[in-house]
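A structural walkthrough
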Amino acid sequence: MSITFHQVLRDLTLAVPVMNSSTRKSIKLPYDNTNEDFPKRRFHRLSYKYRIAYDYNTNEDYKVVRIGVLYGRRKIVEYEFKVYSLRQNSWRRLDKFAHYPNWKSIRDSIVGGALHWISSKEDLLVVFDLGTEIYRIIPQPKYRGSYDYIYLDNLEGCLSLSYHYELSTVDLFLLKKYGGKNEHWLRPTNFFNKIYSPVKPIFYSKSDKQVVIALGGSRLILYNLEEKSVEEVMTHGVLGSGLIDLHI
């Protein structure tokens, strides 16, 4: 689950609700005074991202990671990481990590109880384990050129990386054997030409031969991994027949 807020720096008293989609029960995270974390300055913008994950190390806790950034006129002034524990019902500030995340790279990128991002300056792939609260750097795939954007997502429990080249083609990579000695990247395909929207893989078909992929906020395509073919299943909110075939 992911939540993003953008606020002008004032007395921010925003209560963040969290709901269990299975039981439909919800709670509100305890108030945490954001103004105490950042200096009060005029014309600054405060932005937050929230990410929620299960702590696999304890098997008893859910945690919320909150990444806060204070923007000045042209640059980042300050940032912080905090973690909320459902068991302890409290927030705790983490030590700063040198490899600050590229804001755009953090999407639904929690896999195996860890949050993943691309660092802002060095383009490193950073893993933050929510159980141990330890950071590590993992190798990236081999790319074919320089990029415009990198996006990380969770594709049915597998970390996916979509790499947008400067010539508007996209490679999709999947991290296999996650966390083990044989951890490695697999590139199912380099599958797009003239794609300018963010690419987000959503789920496989039952046969595992097709992937539903979102392009921006208005298009869904069905990509056939064997035939290397593309079928439009939704354009501007209108569903086509191809999406129905996935559930037969």
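Just above, that's the structure.
These numbers were taken from a predicted model, which means no experiment stands behind them.

Quick word on the side chain of S162
Of note, S162 is situated in strand β13 (residues 158-165). For S162, a relative accessible area of 1% puts it in the buried group. Excluding anything up to four places from it in sequence, S162 contacts R107, Y149, I150, Y151, V170, D171 and V199.

Overview of the sheet that holds strand β8 (residues 110-111)
Strand order in the open sheet formed by four strands is β8-β9-β10-β11, with antiparallel pairing between adjacent strands. Looking at which strands have only one partner, the edges of the open sheet turn out to be β8 and β11 (135-138). Relative to strand β9 (residues 114-118), β8 runs antiparallel, the two sharing two bridges. Bridge pairing in β9 links V111 to A114.

Some thoughts on the pairing of β9
As a general feature of sheets, a regular strand has side chains that alternate between the two faces. Counting buried positions along β9 gives five out of five residues, so the element sits mostly inside the fold. The alternating pattern of β9 places A114, H116 and I118 on one face and L115 and W117 on the opposite face, and all of these are buried. Following β8, the chain reverses through two residues before pairing antiparallel with β9; G112 in that reversal takes a positive phi of roughly 60°. The pairing of β9 with strand β10 (residues 125-129) spans five bridges and is classified as antiparallel. Note that in β10 the partner of A114 across the bridge is D129.

With respect to the pattern of salt bridges
Applying the stated rule across the entire model yields nine salt bridges. Among the ionic pairs, R66 bridges to E80, the shortest N-O distance being 3.3 Å. Taken together, the residues R66 in strand β5 (residues 61-71) and E80 in strand β6 (residues 76-85) connect sequence positions 14 residues apart. Taken as a pair, R66 and E80 share a single burial class, namely buried. With a closest N to O distance of 3.1 Å, D108 and K200 form a salt bridge. Of this pair, D108 sits in the loop between β7 (90-93) and β8 while K200 sits in strand β16 (residues 199-204), and the two are 92 residues apart along the sequence. By relative accessible area, which is 32% here, D108 ends up partly exposed. Since its relative accessible area comes to 24%, K200 is described here as partly exposed. Look at the salt bridges and you will find they share partners, linking K63, R92 and E133 into a network.

Rules used throughout
- Residues numbered from 1 in each chain as written.
- Predicted model: local features only at pLDDT ≥ 70, side-chain atom pairs only at ≥ 80, totals over all residues.
- Heavy atoms only, no water.
- Helix = DSSP H or I, 4+ residues; strand = E, 2+ residues; numbered from the N terminus.
- Buried < 20%, exposed > 50% of the residue type's maximum accessible area, 1.4 Å probe, protein only.
- Contact = heavy atoms within 4.5 Å.
- Pairing = 2+ DSSP bridges.
- Salt bridge = Lys/Arg side-chain N within 4 Å of Asp/Glu carboxyl O.

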